[in-house]
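# Observations on chain architecture
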Amino acid sequence: FLCDTKVGPITLQDHMEITVWEPGERMGVRHTGVVTGSGVFELEPIDLDRRTRFTWTEELRFPWFLGGRLGEIVGGQFVMKQIWKRNLRKLRLLVDAR
């Protein structure tokens, strides 16, 4: 599927393929567009209070025009990490509202 992705002034159409589908447990994705790599979303029960741990891991490779390996380090460790944290906070608000 295609996913519109915006990071600051950069907008990309991310080509993604679902590689793992285990309902209620895990979803894997491969990025095959301009930025390549893979990611996994995992759900793990914490306790009987119906709480769940959500884990999101990503490994991305940037093309030379987005900084290549240096872009991966700077972008992944600083920029993308902050964006992912913000996205996860928004997701938590949606889930907690249910």
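Okay, so let's go over this structure.

What counts as what
- Residues numbered from 1 in each chain as written.
- Predicted model: local features only at pLDDT ≥ 70, side-chain atom pairs only at ≥ 80, totals over all residues.
- Heavy atoms only, no water.
- 1 Å grid on protein atoms, 1.4 Å probe; cavity = no way out; pocket = protein on both sides within 12 Å on 5 of 7 lines; lining within 4 Å.
- Points joined across faces, edges and corners; volume = space filled by probe spheres on them.
- Helix = DSSP H or I, 4+ residues; strand = E, 2+ residues; numbered from the N terminus.
- Nonpolar A, V, L, I, M, F, W, Y, C, P; charged D, E, K, R; others polar.

### With respect to the layout of surface pockets
Its volume calculated, the largest pocket comes out at about 600 Å³. Thr-5, Val-7, Leu-60, Met-80 and Trp-84 are, among the 28 residues lining the largest pocket, the residues nearest its centre. Mapped by element, the contributors of at least two residues to the lining of the largest pocket are β1 (2-7), β2 (10-22), β5 (52-61) and α1 (68-96). Partitioned by chemical class, the residues of the lining of the largest pocket number 17 nonpolar, 6 polar and 5 charged. Here the second largest pocket is characterised by a volume of approximately 450 Å³. As for the second largest pocket, its lining consists of Leu-43, Ile-46, Arg-50, Arg-51, Thr-52, Arg-53, Phe-54, Leu-88, Leu-91, Arg-92, Val-95 and Asp-96. For the lining of the second largest pocket, the secondary structure elements donating two or more residues are β5 and α1. Here the lining of the second largest pocket gets 5 residues from one element, more than from any other, and that element is α1. Residues of the lining of the second largest pocket, tallied by class, amount to 6 nonpolar, 1 polar and 5 charged.

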